[in-house]
Amino acid sequence: MKKFALIGAAGYIAPRHMQAIKATGNELVAAYDPNDSVGIIDSHFPEAHFFTEFERFDRHVDKLHRQAENKKIDFMSICSPNYLHDSHMRFALRSGADAICEKPLVLNPWNIDGLLEIEKDTGHKVNTILQLRVHPAIVALREKVKSQPRDKKYEVDLTYITSRGKWYLQSWKGDINKSGGIATNIGVHFFDMLHFIFGDLQQNIVHHVSETKSSGFLEYENARVRWFLSIDLEDVPADILATGQRTFRSITVDGEDIEFSGGFTDLHNRSYEQILAGNGFGLEENRTAISTVAHIRDAQPIGLQGDYHPFLS
Ligand code: NAD
């Protein structure tokens, strides 16, 4: 049984990590969050220690590390806001644990280089949650693409509208310095998935960026992709809104819909199983997606020219 600590325990995604720790037969022994709304811990690990101050958490982790081999933390799961991930991963590795970090791993590709050095110095590893890579429909699509001629280019449209209330722009998620903006915070899942399926990135053109939506064109070895991401309810197509849904997710490949809306709920469990078996996705596997979103953040949008997504017009 492995011992886990959790950083960012009071947030939205933390319970999925608690569930995955439990489902894989392991134990959460310590958790930290500056916010103390963490009653959810009782549903999973009522015995876990909890800290609202980093220094006290650090003292506890350090004590466990020096007490005995069977007391030390094996894995630290990181569910804090995006801009803190690299610092929290450094803490995990220097504390003698492997890290399991939420997406996006970091905001900029050069943060990966520093972490690679710390992996080398400490002998501990960073694992990331790239959960679409373990989604059965995505794995099947990747296999299909691999079985086709190597120079085949698919025409892909990716549309993801996940409406969020006014709170979003008031929270750290709406602050580009903390979340990276919506292409980073929401899109990184999909940009990693596109790279995973269609190979190396060759071109990255940004047509539109605002606080609530972002759109562009990406060319991979095996695909030309028009993408559109939004958190604005007004972008949800009228027929979908009429059914009471506030989310619209569509990926078409050569005009054919890829159905992957089901099967999302246990992807954290699946990711944990892979990590515990030594098959976790590491730092380098994140580089393409992180470079993609960093470029989208910094690029000057070109407006409605070239291969822009139809939802933009
Ligand atoms: P959230 O705002 O609900 O939770 C973040 C938590 O971090 C809060 O409890 C907050 O108090 C805590 N926090 C703030 N500053 C901290 C600090 N200095 N040290 C430790 N904790 C601190 O956000 P969330 O939606 O749970 O997102 C957390 C992470 O999970 C983000 O990186 C996000 O991108 C990622 N996420 C992943 C998925 C997924 O499907 N894999 C879904 C949602 C969020």
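All values reported here derive from a predicted model rather than from experimental measurement.

A. Focus on the side chain of K72. When you line up the elements, K72 lands in the loop between helix 3 (54–67) and strand 4 (75–78). Buried and unpaired, K72 has D74 as its nearest opposite-charge partner, separated by 4.1 Å.

B. Region of interest: the domain arrangement of the protein. Entries for the protein in the domain assignment read domain 1 (3–128) and domain 2 (132–264 + 282–312). Taking the mean C-alpha position of each, domain 1 and domain 2 sit 28 Å from one another. Of the residues lining the interface, 18 residues belong to domain 1; the matching set on domain 2 comes to 18 residues. Taken together, both faces of the contact between domain 1 and domain 2 bury some 1600 Å²; the carbon and sulfur share is 61%.

C. Examining the pairing of strand 9 (residues 213–220) more closely. Within strand 9, 8 of the 8 residues are buried, leaving the element largely enclosed by the surrounding structure. The alternating pattern of strand 9 places K213, S215, F217 and E219 and S214, G216, L218 and Y220 on opposite faces, both of which are buried. When strand 8 (residues 201–209) meets strand 9, the two strands line up antiparallel, connected through 7 bridges. Pairing of V206 across the sheet is with G216, part of strand 9. Between strand 8 and strand 9, which pair antiparallel and follow one another directly, the connecting turn spans 3 residues. Judged from the 8 bridges that link them, strand 9 and strand 10 (residues 223–230) form a sheet pairing that is antiparallel.

D. Up close: the sheet that holds strand 5 (residues 98–101). Across the sheet, 6 strands lie side by side as 3-2-1-4-5-6; this open sheet has parallel pairing. Two strands in the sheet have a free side with no partner beyond their single neighbour: strand 3 (49–51) and strand 6 (126–128). Neighbour to neighbour, the strand axes of the sheet diverge by 20° on average, direction disregarded. In this sheet, strand 3 lies alongside strand 2 (residues 27–32) in parallel orientation, the contact comprising 3 bridges. Along strand 3, the bridge assignment pairs A31 with F50. On top of the sheet, helix 3 reaches strand 1 (3–7), strand 2, strand 3 and strand 4; it is set at about 150° to strand 2, its chief contact. Contacts from helix 12 (residues 267–276) reach strand 1, strand 4, strand 5 and strand 6 within the one sheet, and its direction differs from that of strand 4 by about 150°.

E. Structural context of the layout of surface pockets. Empty space within the largest pocket amounts to approximately 1000 Å³. Lining the largest pocket are 40 residues, and of these Y12, I13, E102, K103 and K173 lie nearest its centre. Among the secondary structure elements, those contributing two or more residues to the lining of the largest pocket are helix 1 (14–23), helix 4 (85–94), strand 7 (154–162), helix 7 (167–170) and helix 10 (188–198). Shared between two domains, the lining of the largest pocket takes at least three residues from each, and those domains are domain 1 (3–128) and domain 2 (132–264 + 282–312). For the second largest pocket, the calculated volume is near 280 Å³. Forming the walls of the second largest pocket are 15 residues, and the residues nearest its centre are K146, I197, G199, E221 and N222. Those elements giving two or more residues to the lining of the second largest pocket turn out to be helix 6 (136–146) and helix 10. Per element, the largest residue contribution to the lining of the second largest pocket is 4 residues, and it comes from helix 10. For the lining of the second largest pocket, the class distribution of residues is 5 nonpolar, 4 polar and 6 charged.

F. A look at empty space enclosed by the protein. As enumerated under the stated definition, the model contains 2 cavities of 30 Å³ or more in all. The space that makes up the largest cavity amounts to roughly 40 Å³. Taken together, T128, L130, Q131, V134, S271, Q274, I275, G280 and F281 make up the full set of residues lining the largest cavity. Considering every element that reaches the lining of the largest cavity, the biggest residue donor is helix 12, with 3 residues. Classifying every residue of the lining of the largest cavity gives 4 nonpolar, 5 polar and no charged.

Conventions and cut-offs
Note on numbering: residues in each chain are counted from 1, in written sequence order. A pLDDT threshold of at least 70 governs which residues receive local features in this predicted model, and a stricter bar of 80 or more applies before side-chain atom pairs are shown or counted, although totals over entire chains, interfaces and linings include all residues. Side-chain descriptors were evaluated using all non-hydrogen atoms of the structure, hydrogens and water having been removed beforehand. Helix and strand assignments come from DSSP, with helices taken as H or I runs of at least 4 residues and strands as E runs of at least 2, each series counted from the N terminus. Exposure is judged per residue with a 1.4 Å probe applied to protein chains only, and the accessible area is read against the type maximum: over 50% gives exposed, under 20% gives buried, and values in between give partly exposed. In this tally, Lys and Arg are treated as positive and Asp and Glu as negative; His is ignored, and so are the chain termini. Between Lys or Arg on one side and Asp or Glu on the other, a salt bridge is scored when a side-chain nitrogen of the former is within 4 Å of a carboxyl oxygen of the latter. An automatic or database domain assignment provides the domain bounds reported here. When checking whether two residues touch, look at their non-hydrogen atoms; a contact exists if any pair is within 4.5 Å. Reported buried area values correspond to the accessible surface (1.4 Å probe) lost by two parts on association, with both partners' losses combined. Two strands are said to pair when DSSP picks up at least two bridges between them. Inter-axis angles, ranging from 0 to 180 degrees, are taken between N-to-C directions of lines fitted to C-alpha atoms, where helices are fitted over the stretch in contact. Residues are said to line a cavity or pocket when one of their atoms sits within 4 Å of a point; the points come from a 1 Å grid over protein atoms alone, cavities being sets where a 1.4 Å probe fits but cannot get out and pockets being open sets with protein on both sides within 12 Å along at least five of seven lines. Grid points are joined across faces, edges and corners, and a volume is the space filled by probe spheres set on the points. Only Asp, Glu, Lys and Arg are considered charged in this grouping, and only Ala, Val, Leu, Ile, Met, Phe, Trp, Tyr, Cys and Pro are considered nonpolar; every other residue, Gly among them, is considered polar.

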